[in-house]
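# Working through the structure, step by step
Next come the chains, spelled out residue by residue.
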Amino acid sequence: MEYRDVIIVGAGLSGIGAAVHLHKTCPGKSYVILEGRPSLGGTWDLFRYPGVRSDSDMHTLGYRFKPWREAKAIADGGSILNYVKETAAEYGVDRHICYQHQATKARWSSADAAWTVETLRKDSGEVVRFKCNFLVMCAGYYSYRQGYTPEFEGRERFRGTIVHPQQWPQDLSYSGRRVVVIGSGATAMTLVPAMAKDVAHIVMLQRSPTYVVSLPDTDVIANALRAVLPERWAYAVTRWKNVALQQFVYNRTRTQPEKVKAKLLERVRKELGPDYDVATHFTPSYNPWDQRLCLVPNSDLFAAIRSGKASVVTEQIECFTETGIRLKSGKELAADIIVTATGLNLVVLGEMQFVVEGAPVDFAQTWTYKGMMYSGVPNLVSTFGYINASWTLRADLTSEYVCRLINHMDETGMRQVVPRLREMDRNMPARPWIDQFSSGYVQRVMHRFPKQGDHEPWINPQNYARDKKMIRFGPIEDGALVFSNPATVVPRAVESLAASG
């Protein structure tokens, strides 16, 4: 059984970032990255549907330590994948990846101060075990097995092709075909303009509308700064600017939702003209950022609608037919291809099983510690980004904290750390792990996630400014983290004291 000081599960954007932080800040630690797929990149290697791209700017979706160098800030999937691969190669962390090793189970033993992680080798079917002192989960937030597809009556009768974006066939030909995309999220709004130029016609069929905003795919200020400042300075200033803007807009949606709503709808009307039915197709029943806001670069969705090659239908589905979809109004949409862009299946910690001292862990019964650890579960950190900002902002903070925590344990000679409720925490009201966010893909599974309380450190605020203060600058020794299981060797702090005396 191979032993490493740290095991990272997942070689996507978060996992590669975690490995670089470990490489830079804990250089003496051995580590391995367990990746179930045959290549790195996570989301950006898995999703291959037409037009796949980021839905936030790359100056904040990129790593804090590695500037985004391309002119386009809203980048295509291939460019993002190249960025992740380049990062892995630049720091040599790609040499630590075990591909085709799907982590399935982790068992903690305090006697060994170690996790034993079981993996299934997908190329041979062999079970391979690894041991580590600290386990970092970077397996993403959704199931890689399949996306979410509701039950559609009559699906089996449809004579055309049905495809989910998560399993997009690379040989699918849609030129000159009639396409219906079911959904109104970021994936649907990416697919429609990307396919519109080649299809006979494409319909975005939505049960209810989403807020949409158009922005340029290039950041003029970022590109200008890069021309006159050192690269890292320009990147840092741009990143600060974009984070501040994201937080400003989000805070406005909390304090002045009606004003933000009016502004968003006014921009849509300018794009589509006074005769377009914006009230039906682009006016949600909820406030902005109660669900995720959809970004369309360079007005591409609106341009596709104006061209006549794309249209939006807002109705409920009655059933699939042999030749398309019948709506509850009685109207039928003819289709050769139906794309079910109906979302993802959220999962807890990569669908792995966890056992602590022989007892299975039910994460729904735990309390979140700073949105990354779990009460009663030792030496485990999980990365989960933002729903209202770029994912990597929080992934970077989480990785920084892991390194601080590991170095602190080395300095104090402790091998085990576990979050535990203090007496003052025991009567906290329980809130959902992600609060005030009504999207179906979140609400469907929130009962499986840990609880959060009403005060630090038992919260998951989904707020970068608050997280930065709590995670980057908050003390390690806060009374809620319990350190134990001393090492038999002399800790670094004692060693250093002896040398100086």
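Here goes a summary of the coordinates provided. Remember, predicted model here, so these are calculated numbers, not experimental data.

Of regular secondary structure, the protein chain possesses 14 helices and 23 strands. In terms of C-alpha radius of gyration, the protein chain reaches 24 Å, essentially the compact-globule figure of 23 Å for 501 residues. Its C-alpha atoms give the protein chain principal-axis dimensions of about 80 × 55 × 50 Å. Considering only intrachain contacts with a sequence separation of at least 6, the fraction spanning at least 24 residues in the protein chain is 72%. For the protein chain, the exposed area adds up to about 21600 Å²; of that, 51% sits on carbon and sulfur atoms. Considering the protein chain, the positive charge centre built from 60 side chains and the negative charge centre built from 51 side chains are found 2 Å apart.

Before going further, it helps to examine helix H4 (residues 77-90). Helix length check: H4, at 14 residues, gives a terminal C-alpha distance of 20 Å against a target of 20 Å (1.5 Å per residue), a fit within 8%. All of the buried residues along H4 are Gly77, Ser79, Ile80, Leu81, Tyr83, Val84, Thr87 and Ala88. Its buried side turned inward, H4 meets helix H1 (13-25), helix H2 (43-46), helix H3 (58-61) and helix H7 (231-255). For H4, the capping residue at the N-terminal end is Asp76, with a side-chain oxygen 3.1 Å from the backbone nitrogen of Gly78. Two residues or fewer past H4, Gly92 is found with a positive phi of approximately 75°.

Turning our attention to the sheet that holds strand S8 (residues 178-182). Taken in spatial order, the five strands of this open sheet run S7-S16-S8-S9-S12, and their pairing is parallel. Across the chains shown, the open sheet's two edge strands, defined by having one partner strand only, are strand S7 (161-163) and strand S12 (310-314). Neighbour-to-neighbour, the strand axes of the sheet open up by a mean angle of 20°, direction not taken into account. Relative to strand S9 (residues 201-206), S8 is paired through five bridges, and the arrangement is parallel. Considered in S9, the bridge of Val181 is made with Met204. Along the sheet face, helix H5 (residues 186-196) touches S8, S9, S12 and strand S16 (337-340) and points at about 170° away from the line of S9.

This next bit is on the pattern of salt bridges. Enumeration over the complete set of coordinates arrives at 30 salt bridges. In this structure, the salt-bridge partner of Glu86 is Arg69, at a minimum N-O distance of 3.5 Å. Within this pair, whereas Glu86 is found in helix H4, its partner Arg69 is found in the loop between H3 and H4, the two being separated by 17 residues in sequence. Classification of Arg69 by relative accessible area gives partly exposed; the value is 42%. Close ionic contact of Glu332 with Arg326 constitutes a salt bridge, the shortest N to O distance being 3.2 Å. Connected through salt bridges with shared partners, the residues Lys66, Arg69, Glu86, Glu90 and Glu231 form a single ionic network.

The next thing to look at is the sheet that holds strand S14 (residues 324-327). Taken in spatial order, the three strands line up as S13-S14-S15 in an open sheet, and their pairing is antiparallel. Edge positions in the open sheet fall to strand S13 (317-320) and strand S15 (332-334), since each of these has one partner strand only. In this sheet, adjacent strand axes meet at a mean angle of 20° when their direction is disregarded. Inspection of the sheet shows S14 paired to S15 by three bridges, in the antiparallel sense. Residue pairing for S15: Gly324 is matched across the bridge by Ala334.

All right, on to a nonpolar patch on the surface then. A surface patch of nonpolar side chains, about 260 Å² in accessible area, is lined by Leu245, Phe248 and Val249. By the element assignment, Phe248 lies in helix H7.

In the structure shown here, the tally under the stated rule is 26 aromatic pairs. With centroids separated by 5.9 Å and ring planes inclined at 80°, the aromatic side chains of Phe47 and Tyr49 adopt a geometry described as edge-to-face. Residue classification places Phe47 among the buried positions, given a relative accessible area of 9%. When the ring of Phe152 is compared with that of Phe320, the centres are 5.0 Å apart and the planes differ by 20°; the resulting orientation is stacked. Residue Phe152 is found in the loop between strand S6 (127-137) and S7, and its partner Phe320 is found in strand S13; the two are separated by 168 residues along the sequence.

Helix packing for two helices is described by the angle between their axes and how far apart those axes are. Viewed as axis vectors pointing N to C, helix H8 (residues 257-272) and helix H10 (residues 300-307) meet at an angle of 40°, and their least axial separation amounts to 9 Å. In terms of orientation, H8 and H10 fall into the oblique class. Here H8 and H10 pass one another in a crossing that is right-handed. Counted together, Val268, Glu271 and Leu272 of H8 and Phe302, Ile305 and Arg306 of H10 form the full contact between these two elements.

About the thresholds
Residues numbered from 1 in each chain as written. Predicted model: local features only at pLDDT ≥ 70, side-chain atom pairs only at ≥ 80, totals over all residues. Heavy atoms only, no water. Helix = DSSP H or I, 4+ residues; strand = E, 2+ residues; numbered from the N terminus. Rg over C-alpha atoms; globule rule 2.2 N^0.38 Å. Contact = heavy atoms within 4.5 Å. Areas by Shrake-Rupley, 256 points an atom, 1.4 Å probe, with all protein chains shown as cover. Lys, Arg positive; Asp, Glu negative; His and termini not counted. Charge placed at Lys NZ, Arg CZ, Asp CG, Glu CD. Expected span 1.5 Å × (residues − 1). Buried < 20%, exposed > 50% of the residue type's maximum accessible area, 1.4 Å probe, protein only. Polar contact = N/O pair within 3.5 Å; in protein donor to acceptor, adjacent residues only side chain to side chain. Pairing = 2+ DSSP bridges. Axes fitted to C-alpha atoms, helices over the stretch in contact; angles between N-to-C directions. Salt bridge = Lys/Arg side-chain N within 4 Å of Asp/Glu carboxyl O. Patch = residues over 30% accessible without salt bridge, like charges linked within 9 Å, V, L, I, M, F, W, Y side chains within 5 Å. Phe/Tyr/Trp six-rings, centres within 6.5 Å; stacked < 30°, edge-to-face > 60°. Parallel < 35°, antiparallel > 145°, perpendicular 65-115°, else oblique. Left-handed = near helix turned anticlockwise from the far one by under 90°.

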